[in-house]
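What follows is the residue order along each chain.
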Amino acid sequence: MSEVKVIDACNTFCPGPLMELITYMKQAQIGDTLELLSTDQGSAADVPEWVEKVGHQMVGSEKIGDVWHIKVRKAK
Amino acid sequence: MRILVVGGGTGGTIIANNLARRLSAELRTGKVSLTMLSASDRHMYQPGLLYVAFGQMMPDTLYRDQASLLEASIEFHVDPVKHFMLDERRVKTQSDRVFDYDILVIATGSRMVPEEIPGLVEGSETFYSEAGAIKMYKALRNFKGGRVAIVVGVPHKCPIAPVEVTFSLHDYFKTRGIRDKVEIKYHYPINRIHSIENVAKWAKPEFDRMGVAYETLFNLKEVDVQNKVIHSEEDTEYAYDLLISIPAHRGMAVIEENRLGQAGWIPTDRHQLTMEGYDNVYVLGDTTNLPVSKTGSAAHFEAEVIADNIASIVKIGTPVREYDGKVYCFIEAGHDQATYAMFNYLNPPDLKPANKSMHWFKMSYNQMYWSSVRGLL
């Protein structure tokens, strides 16, 4: 059964939320879901753009308080 | 109180020296012992490798004997740890010696792993090792013109390096009078040319001015060495004549082998800098899994916090400081100009235009580092 791993990238400027997601995506197994937590408003657009281009799957994206919760499934 | 520092890089050395001074009385009376275990008897100033790659520094100037950097009260052994037994508060070294501790500091650093990308080792130049930097310089010197590609792995040590090497390549080829015969193309993993938004905003017009092409959302998948073509995970490709890589990194193998953290990065509290589940184990520098730059600068500021806290635990029984994510990075913008990025968890950097003064400050810091690592700056 695949796991949901939470990546806390709130309040960070370098390497930043998308870099953190790419780092953990490399370590994940195909089928795993990763949940990125980000306070960077750009993440809501940046992450789906990369996910679509590289060929993974967006599971969901919602803003709770000041934090974006973005779920992505590793597809390749 | 037995304090054990594992790792003799920037962070470990600053912590050990700071503790030796703060706890000098306790060390004299034997109330405290302070031991460092390192994999090497030499200490390298790693940022200097970028200069070696452009023929601006000789590699022998980047080293000092590790023992010469340490306060005399620090017991120093060149004997890297092989087994961490955290529940027993004990480590075993390569020579099978056992060291018990009350407080452990893990500062083992990171290593590049270009072998994880097919073709990258044999197909590219890199400046992340002494041998690599020398080889890169020779390749640059023999380069007569053509397409130069820069590729960036994730995660990597020194996030500013991709931008710095690009500026330096432009200046190097310009100085040799062949810039018009060289096409430089920069490839970056996310959808802007640097992870820090303000660095990206500053560097983009500079790249445009220098005629540096760039492709974002490019994560290297493989290098076709025979045909000299790089392929991305995003299904794009580029034919090159000379490939410069900033390879992806992992934590040290001993961390993975001891199951202390996935990919060698130890889960660490972002403010206390303690290992998750172990209040007596501190982690810093590249070794942490924190969303903080893997740089000597981060290790330096983390080391100051940890040294204060360990000293206060000895003196009053409790830590007194928290790490706020502070990082200060020089940014070399070519061979005669520089700027800097200073930021923490909550405040982004505010980049100033590059200037010659900051470049000469950086050149001075290249020497001042040896005072810094002794804990004097």
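The rules behind these values
- Residues numbered from 1 in each chain as written.
- Chains lettered and ligands numbered in written order.
- Predicted model: local features only at pLDDT ≥ 70, side-chain atom pairs only at ≥ 80, totals over all residues.
- Heavy atoms only, no water.
- Helix = DSSP H or I, 4+ residues; strand = E, 2+ residues; numbered from the N terminus.
- Rg over C-alpha atoms; globule rule 2.2 N^0.38 Å.
- Buried < 20%, exposed > 50% of the residue type's maximum accessible area, 1.4 Å probe, protein only.
- Contact = heavy atoms within 4.5 Å.
- Areas by Shrake-Rupley, 256 points an atom, 1.4 Å probe, with all protein chains shown as cover.
- Expected span 1.5 Å × (residues − 1).
- 1 Å grid on protein atoms, 1.4 Å probe; cavity = no way out; pocket = protein on both sides within 12 Å on 5 of 7 lines; lining within 4 Å.
- Points joined across faces, edges and corners; volume = space filled by probe spheres on them.
- Nonpolar A, V, L, I, M, F, W, Y, C, P; charged D, E, K, R; others polar.
- Axes fitted to C-alpha atoms, helices over the stretch in contact; angles between N-to-C directions.
- Parallel < 35°, antiparallel > 145°, perpendicular 65-115°, else oblique.
- Left-handed = near helix turned anticlockwise from the far one by under 90°.
- Buried area = accessible area lost by both parts, 1.4 Å probe.
- Salt bridge = Lys/Arg side-chain N within 4 Å of Asp/Glu carboxyl O.
- Polar contact = N/O pair within 3.5 Å; in protein donor to acceptor, adjacent residues only side chain to side chain.
- Pairing = 2+ DSSP bridges.
- Domains from an automatic or database assignment.

K.L.:
Would you take a moment to explain the overall build of chain A for this structure?
P.N.:
Tallying secondary structure elements over chain A gives 2 helices and 4 strands in all. Secondary structure elements in chain A, listed N-terminal to C-terminal, are β-α-β-α-β-β. Against the 2.2 N^0.38 benchmark of 11 Å for 76 residues, chain A shows a C-alpha radius of gyration of 11 Å, consistent with a compact globule. With the C-alpha coordinates aligned to their principal axes, the bounding extent of chain A is approximately 30 × 25 × 20 Å. Residue burial in chain A is summarised as follows: out of 76 residues, 50% are buried. Pairs at least 24 apart in sequence give 60% of the contacts found in chain A among residues at least 6 apart. For chain A, the accessible surface area stands at approximately 3600 Å², while carbon and sulfur atoms represent 50% of it.

K.L.:
How should helix H8 (residues 197-210) of chain B be read in this particular structure?
P.N.:
Given 3.6 residues to a turn, an α-helix orients residues that are three or four positions apart in the same direction. All names here are of chain B. For H8, built from 14 residues, the straight-helix expectation of 20 Å at 1.5 Å per residue is met to within 8% by its first-to-last C-alpha distance of 20 Å. Within the sequence span of H8, burial applies to Val199, Ala200, Trp202, Ala203, Phe207 and Met210. Of the surrounding elements, those touching the buried residues of H8 are helix H7 (161-175), strand E12 (182-187), strand E13 (213-215), strand E21 (327-332) and strand E22 (338-343). Where H8 terminates, the next one or two residues include Gly211, which has phi positive at roughly 75°.

K.L.:
Can you help me understand the layout of surface pockets in this one?
P.N.:
If you roll a probe as big as a water molecule over the atoms, it shows you where there is empty space left. Space inside the second largest pocket adds up to approximately 470 Å³. Residue lining of the second largest pocket: 24 residues in total, with Lys26(A), Ile117(B), Asn219(B), Leu220(B) and Glu233(B) positioned closest to the centre. Looking at the lining of the second largest pocket, the elements with two or more residues in it are helix H1 (17-27) and helix H2 (43-54) of chain A together with strand E11 (146-152), strand E14 (220-224) and strand E17 (242-246) of chain B. The element that contributes the greatest number of residues to the lining of the second largest pocket is H1(A), accounting for 3 residues. Among the residues forming the lining of the second largest pocket, the class breakdown is 14 nonpolar, 4 polar and 6 charged.

K.L.:
What should I look at first to understand the packing of helix H6 (residues 130-142) of chain B against H7(B) in this one?
P.N.:
A pair of packed helices is captured by two measures, namely the crossing angle of their axes and the spacing between those axes. Residues and elements named next belong to chain B. Here H6 crosses H7 at 40°, and the two axes come no closer than 11 Å. The angle between H6 and H7 falls in the class oblique. Here H6 and H7 pass one another in a crossing that is right-handed. Across the interface between the two elements, Met136, Tyr137, Leu140 and Arg141 from H6 touch Val165, Leu169, Tyr172 and Phe173 from H7. Along the lines of polarity and charge, the residues of the contact of H6 with H7 split into 7 nonpolar, no polar and 1 charged.

K.L.:
Before we go on, may I ask you to explain the interface of chain B and chain A in this structure?
P.N.:
Often, the extent of an interface is quoted as the loss of accessible area upon association of its parts. Every contact between the two is made by 32 residues of chain B and, on the other side, 23 residues of chain A. Buried area between chain B and chain A, summed over both chains or domains, comes out near 2400 Å², and the portion from carbon and sulfur atoms is 54%. Three residues, Val154(B), Asn191(B) and Pro291(B), lead the burial of chain B against chain A; their summed loss comes to 22% of the area buried on that side. The interface formed by chain B and chain A holds 2 salt bridges in total. Linking Asp8(A) and Arg270(B) is a salt bridge whose minimum nitrogen-to-oxygen distance equals 3.7 Å. Linking chain B with chain A are 10 residue pairs in polar contact (both at pLDDT 80 or more).

K.L.:
Would you mind showing me how to read the environment of Lys204(B) here?
P.N.:
Residue and element names in this part refer to chain B. Relative to the assigned elements, Lys204 resides in helix H8. A relative accessible area of 40% places Lys204 in the partly exposed class. If near-sequence neighbours (up to four positions away) are discounted, Lys204 is found in contact with Ile193 and Tyr214.

K.L.:
Please clarify how the sheet that holds strand E19 (residues 274-275) of chain B should be interpreted in this entry.
P.N.:
Residue and element names in this part refer to chain B. Judged by pairing direction, the sheet is mixed, and its 6 strands sit side by side in the order E5-E2-E1-E9-E20-E19 without closing on themselves. Across the chains shown, the open sheet's two edge strands, defined by having one partner strand only, are strand E5 (75-78) and E19. The pairing of E19 with strand E20 (residues 278-283) spans 2 bridges and is classified as antiparallel. Along E20, the bridge assignment pairs Met275 with Tyr278. Lying over the sheet, helix H1 (residues 10-22) contacts strand E1 (2-6), strand E2 (33-38) and strand E9 (103-106), oriented at roughly 165° with respect to E2.

K.L.:
Any chance you could explain the domain arrangement of chain B here in plain terms?
P.N.:
All names here are of chain B. Assigned domains of chain B: these are domain 1 (2-109 + 252-326) and domain 2 (113-248). Taking only C-alpha atoms into account, the centre of domain 1 sits 32 Å from that of domain 2. Facing 16 residues of domain 1, the contacting portion of domain 2 comprises 19 residues. In total, domain 1 and domain 2 occlude about 1300 Å² of area from one another, counting both sides; carbon and sulfur atoms represent 72% of this. Three residues, Leu50, Ala53 and Phe54, lead the burial of domain 1 against domain 2; their summed loss comes to 43% of the area buried on that side. At the surface where domain 1 touches domain 2, the tally comes to 0 salt bridges. Connecting domain 1 to domain 2 are 3 residue pairs in polar contact (both at pLDDT 80 or more). Put simply, the parts of the chain that give the side of domain 1 that touches domain 2 at least two residues each are strand E3 (42-44) and helix H3 (49-52). Considering each element in turn, the side of domain 1 that touches domain 2 owes the most residues, 3 residues, to H3. For the side of domain 1 that touches domain 2, the class distribution of residues is 9 nonpolar, 4 polar and 3 charged.

K.L.:
Where do I start with the sheet that holds strand E4 (residues 67-73) of chain A in this structure?
P.N.:
Hydrogen bonding along the main chain pairs the strands of a sheet, whether they run parallel or antiparallel. Residues and elements named next belong to chain A. In spatial order, the strands read E1-E2-E4-E3; together these 4 strands make up an open sheet with mixed pairing. In the strand order of this sheet, the two ends are held by strand E1 (4-8) and strand E3 (57-64), each with one partner. When the angles between neighbouring strand axes are averaged without regard to direction, this sheet yields 15°. Strand direction decides the pairing type here: E3 and E4, joined by 7 bridges, are antiparallel. Its bridge partner lying in E4, Lys63 is registered against Trp68. Against the sheet, H1 touches E1, strand E2 (33-38) and E4, its axis set at about 160° to E2. Set on the sheet, H2 makes contact with E2, E3 and E4; between it and E4 the angle comes to about 10°.

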